[in-house]
Amino acid sequence: MTIDGTPVAIEQTRGETTTIFEAAQKCGIVIPTLCHQQNEKPVGVCRMCVVDIGQRVFAASCVRLIEPGMQVKTSTEDIKSVRRTLLELLIADHPSPCARQKLSADCELERLASEAGIKTSPFARRTAPRGHDESSLAISVDHEACILCDRCIRGCNEIRHNFVLARRGKGYQAGISFDDNLPMGTSSCVSCGECMVCCPTGALTNKKVIDTNLGQGDVVTLQELQKIDVFRGVSGTFLNLNSNAIRRRKYKAGETICKEGEYGSTAFYILDGKADVFLSSPMAHVNTKGQQNFFRKLKSVLKPTSRQPSEKEPRKGFIPIDGPVNLAYDHPTAELEPGDLFGEMTCMNYYPRSATVRAKTNCTILEMLRNVLDIMRRNRDFRTRVEQNYRKRALESHLRGIPIFSSVTPEFVSYLRDRVELRQYSPGQLICRQGEPAHSFFLVRIGFVKVTESHPGGDLVLAYIGRGGFFGELSLMGGGIRTANCAALDHVEVVRIRVEDFNLMLDRFPDVRRGLQAVASERAAENRQQFAQIQSVPVDSFLAQGLMEAQSLLVLDLNRCTRCDQCVHACADAHEGVSRLIRDGLRFDHYLVATSCRQCKDPLCMVGCPVGSIRRRNSLEITIEDWCIGCGLCANNCPYGNINMHPFQVQAEDPAHPGRKIAEVRTKATACNLCLDHEEPNCVYACPHDAAHRVNPREFFADLAKEAGKGIVRP
């Protein structure tokens, strides 16, 4: 196509669309607009963005899709004249200066009018005032300043899903309303402030500064913030009202900025200086060591990381953290530089810090709360910088951190750098829908994705996929149709690889194809088996007790059990006196499901792990990897109390004397590993009455239900 006489090529994949506004933006051509925001669906109501495409009337560029061979003119004299008339019509009824212009001097309508040299409007003003609404405790509504751009309505409905705002009336009497034209203070408005942030004028403003004081640090003025690249284009009103939610902090070389395992609610942005990011926890596996005696006592030890990984369990090359880089497994240290943002996952989802960050040189850093980070993430300049940093510094380590992709060459990674796309999703937002054509493969960069399969009786949860995971290969390598629904469990960011690039990778790297085929086949078989088995079980009772989530249960036959607690003692002996099972739990018929790790099909313990150290390998057991930082989130997430935080004495760096080591007690998460080094679990082996058994719940209870139906009574 041609824009303002310059031939341009805009790449589109199947199923994607590009508007003239977006195409011009990619070429660096600015088209003015009042109703369009990058995070909202375009509606074309203000018509300020009209362009000439050689047709009978000018087209609104924010909604008009591009076509091959299209010739676009964005700033002819006729177009400028139309835009000027529109501004004169809008400014005629606008109180100037409005509340926003007075507060932060960034009313978008008044700025465009000033740039066009419009001081007064030749059109008559409205004679009947539309009034003010001061009923809300948080937001002031000035209907006089409203230009009916619908940005507040789309913010309320599309972004926050509150569905409070809508249009009322027709023509000259049209306006915005809350619920059924109620005062804002008596409506169902939750005062989230999204409408105020979206509003381009002073129609919706905050009555008072939000109390989000970060305390220590220097206050950053509005003028200083607007000079920083990542805040350009962000609403001045928003930044002014949330000035307490940003602090500038200075750190001397060697000072700790944040520590791994600590809970937080802020993110950090480096203005100048450099910082080291690393894991300080001991790099060792929590494992078991056999001893030859009557109960084959097991001793809990920290096993060195020099072990050789098996073919079925290849070692991770990189450890994912909450920052723009990943850490190498053998040397978990990296460097952060100016322009880097870290702590994003902690701030958005309130997860523990995934790593320790220490100033390498004297640093100046902005610390911010979630409301500021949230608006930054929508800023186009900020998103562009994040994507550039990811492509430059993290894409290769992200791919190589997944063993299946270890054979991908640096040359192919360089090819992908300019072709991958980072996409953000809010909690609950659908990423791909079951039954739709598949066009992309996804890597998870931030957050967790919930995978479900739709059935007539409801949705069946298949998996939770966290950072370092991937999805979409089953559809792309199958019939090209999505086999499941994938939705954001929390604030999620994924790396999208187009289907043509995915297929090219499979063609060039047979090892990757074989690995993905094995994963796809395994996932498909598990999904079929899970769905088939739930239909032969007393589902209501089964689901009520949460047994559908389990893959391995420690079941005690109460008709045989004498309550001797030998199973509990054997487990305690196996783990330095800390038993990983409790002889209590749910009852099903005459069986007791003991409190011991269930090896859940959908392990909630894995959700939120800041470094991805708790995961499932190719075998059944849940594995807690050696880079566990001991934050305890997995123990808190497990609804059955089956994960313990176990103390170990280690040699750690002395913060007061760098280079020296001191003895320190660190905790790591531990869970039942099914005693895989032995023929059967220690608790089962120790039971003198054959009452304890590890079973597959679906098979076990399905057989039990069939026996009950046939009238069979077990001895």
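Residues numbered from 1 in each chain as written. Predicted model: local features only at pLDDT ≥ 70, side-chain atom pairs only at ≥ 80, totals over all residues. Heavy atoms only, no water.

### Here we look at the overall build of the protein chain
So, step 1. Secondary structure assignment for the protein chain yields 20 helices and 39 strands.
So, step 2. Intrachain contacts of the protein chain at a sequence separation of at least 6 include 71% that bridge at least 24 residues.
So, step 3. Approximately 32,700 Å² of the protein chain is accessible, and the part contributed by carbon and sulfur atoms is 50%. (Helix = DSSP H or I, 4+ residues; strand = E, 2+ residues; numbered from the N terminus. Contact = heavy atoms within 4.5 Å. Areas by Shrake-Rupley, 256 points an atom, 1.4 Å probe, with all protein chains shown as cover.)

### Side note on the nonpolar core
So, step 1. Within the largest apolar cluster, 85 residues are counted, with the highest numbers of intra-cluster contacts made by Leu 204, Phe 231, Leu 366, Phe 405, Leu 443, Phe 470 and Val 512.
So, step 2. Of all the elements, helix H11 (residues 380-400) adds the most residues to this core, at six residues.
So, step 3. Each residue touching Val 512, except ones within four places of it in the same chain, is listed here: Ile 404, Phe 405, Ser 407, Val 408, Met 505 and Leu 506.
So, step 4. Formed by 46 residues, the second largest nonpolar core is a distinct cluster that contains Leu 279, Leu 327, Phe 342 and Val 461. (Core = buried A, V, L, I, M, F, W, Y, C linked by side-chain atoms within 4.5 Å. Buried < 20%, exposed > 50% of the residue type's maximum accessible area, 1.4 Å probe, protein only.)

### What about the packing of aromatic side chains?
The description of an aromatic ring pair rests on the distance of the ring centres and on the angle between the ring planes.
So, step 1. Scanning all chains against the criterion turns up eight aromatic pairs.
So, step 2. Taken together, a centroid distance of 5.5 Å and an interplanar angle of 35° make the contact between Phe 412 and Tyr 415 tilted. Pair noted here: Phe 412 and Tyr 415 are both in helix H12 (residues 410-417), with a separation of three residues, about one helical turn.
So, step 3. Look at Phe 412 and you get buried, because its relative accessible area is 1%.
So, step 4. A relative accessible area of 31% means that Tyr 415 is categorised as partly exposed.
So, step 5. Measuring from ring centre to ring centre gives 5.7 Å for Phe 441 and Phe 470, while their planes differ by 45°; the resulting arrangement is tilted. Of this pair, Phe 441 sits in strand E26 (residues 440-446) while Phe 470 sits in strand E29 (residues 470-471), placing them 29 residues apart in sequence. Neither Phe 441 nor Phe 470 differs from the other in exposure class; each is buried. (Phe/Tyr/Trp six-rings, centres within 6.5 Å; stacked < 30°, edge-to-face > 60°.)

### As for the pattern of salt bridges
So, step 1. Scanning all chains against the criterion turns up 20 salt bridges.
So, step 2. Of the charged contacts, one joins Arg 423 and Glu 421 as a salt bridge, the two residues approaching to 3.2 Å between their closest N and O atoms.
So, step 3. Residue Arg 423 is classed as partly exposed on the basis of its relative accessible area of 26%.
So, step 4. On the basis of relative accessible area, Glu 421 is assigned to the partly exposed category, the value being 22%.
So, step 5. The structure contains a network of salt bridges with shared partners spanning Glu 11, Arg 419 and Asp 501. (Salt bridge = Lys/Arg side-chain N within 4 Å of Asp/Glu carboxyl O.)

### Here we look at the sheet that holds strand E14 (residues 267-272)
So, step 1. An order of E11-E12-E23-E14-E21 is seen for the five strands of this open sheet, with the pairing classed as antiparallel. Because the sheet does not close on itself, it has two edges, and the strands there are strand E11 (218-219) and strand E21 (341-342). (Pairing = 2+ DSSP bridges.)

### Focus on the confidence of the model for the protein chain
So, step 1. The share of residues in the protein chain with pLDDT of 70 or more is 81%, and the mean pLDDT across the chain is 79.
So, step 2. Predicted confidence for residues 285-315 stays below pLDDT 50, and this span has 84 contacts to residues more than four positions away or in other chains.
So, step 3. Below pLDDT 50 for its whole length, residues 709-715 participates in five contacts with residues either more than four positions away or in separate chains. (pLDDT = per-residue confidence, 0-100.)

### Some points on the sheet that holds strand E20 (residues 333-336)
So, step 1. Taken in spatial order, the four strands line up as E13-E22-E15-E20 in an open sheet, and their pairing is antiparallel. Of all the strands in the sheet, the pair left with one neighbour each is strand E13 (256-258) and E20. Direction aside, the axes of adjacent strands within the sheet are offset by 30° on average. (Axes fitted to C-alpha atoms, helices over the stretch in contact; angles between N-to-C directions.)

### What to know about helix H10 (residues 370-377)
So, step 1. Most of H10 sits inside the fold, with six of its eight residues counted as buried.
So, step 2. The complete set of buried residues in H10 reads Val 372, Leu 373, Asp 374, Ile 375, Met 376 and Arg 377.

### Here we look at helix H5 (residues 151-159)
So, step 1. The buried fraction of H5 amounts to seven of the nine residues, a majority that puts the element mostly inside the structure.
So, step 2. Residues of H5 that are buried: Arg 151, Cys 152, Ile 153, Arg 154, Gly 155, Cys 156 and Asn 157.
So, step 3. The elements touched by buried residues of H5 are helix H4 (108-115), strand E8 (165-168), strand E9 (175-178), helix H6 (194-198) and strand E10 (204-206).
So, step 4. Directly beyond the C-terminal end of H5, a positive phi value near 60° is found at His 161.

### Describing the pairing of strand E31 (residues 492-498)
So, step 1. Of all seven residues in E31, seven are buried; the element is thus mostly enclosed.
So, step 2. Taking every second residue as pointing to the same face, both faces of E31 are buried, with Val 492, Val 494, Arg 496 and Arg 498 on one and Glu 493, Val 495 and Ile 497 on the other.
So, step 3. Taken together, the five bridges between strand E24 (residues 421-425) and E31 define a ladder with antiparallel strand orientation. When the bridges of E31 are listed, Gln 424 appears paired with Glu 493.

### Describing the packing of helix H2 (residues 77-92) against H4
So, step 1. As a packed pair, H2 and H4 sit with axes 10 Å apart at the nearest point and diverge in direction by 130°. The angle between H2 and H4 falls in the class oblique. Crossing angle aside, the handedness with which H2 passes H4 is left-handed. On H4, the residues touching Leu 87, Leu 90 and Ile 91 of H2 are Leu 109, Glu 110, Leu 112 and Ala 113.
So, step 2. By residue class, the composition of the contact of H2 with H4 is six nonpolar, no polar and one charged. (Parallel < 35°, antiparallel > 145°, perpendicular 65-115°, else oblique. Left-handed = near helix turned anticlockwise from the far one by under 90°. Nonpolar A, V, L, I, M, F, W, Y, C, P; charged D, E, K, R; others polar.)

### Section: the side chain of Gln 37
So, step 1. Structurally, Gln 37 can be placed in the loop between helix H1 (20-26) and strand E3 (50-51).
So, step 2. Of note is the side chain of Gln 37, whose polar atom sits 3.3 Å from the side chain of Arg 151.
So, step 3. Once residues within four sequence positions are removed from consideration, Gln 37 is found in contact with Arg 151, Val 197 and Cys 198. (Polar contact = N/O pair within 3.5 Å; in protein donor to acceptor, adjacent residues only side chain to side chain.)

### Considering the side chain of Glu 144
So, step 1. Tracing the backbone through its elements, the reader meets Glu 144 in the loop between strand E7 (139-142) and H5.
So, step 2. Arg 130 is the oppositely charged side chain nearest to the buried, salt-bridge-free Glu 144, at an N-O distance of 4.9 Å.
So, step 3. A distance of 3.0 Å separates a polar atom in the side chain of Glu 144 from the backbone nitrogen of Gly 131. (Lys, Arg positive; Asp, Glu negative; His and termini not counted.)

### Considering the packing of H12 against helix H14 (residues 499-508)
So, step 1. At a closest axis distance of 12 Å, the pairing of H12 and H14 adopts a crossing angle of 175°. Classified by the interaxial angle, the pair formed by H12 and H14 is roughly antiparallel. Contacts between H12 and H14 involve Phe 412, Tyr 415 and Leu 416 from the first element and Asp 501, Leu 504, Met 505 and Arg 508 from the second.

### Some details on the pairing of strand E34 (residues 591-595)
So, step 1. With five of five residues buried, E34 lies mostly within the body of the structure.
So, step 2. Inspection of the sheet shows strand E32 (residues 553-557) paired to E34 by three bridges, in the antiparallel sense. Bridge pairing in E34 links Asp 557 to Tyr 591.

### Observations regarding the environment of Pro 183
So, step 1. Position of Pro 183 among the secondary structure elements: in the loop between E9 and H6.
So, step 2. Pro 183 sits 51 residues away from His 132 along the chain, and the two C-alpha atoms are 10.0 Å apart.
So, step 3. When near neighbours in sequence (up to four residues on either side) are disregarded, Pro 183 contacts Asp 133 and Ser 135.

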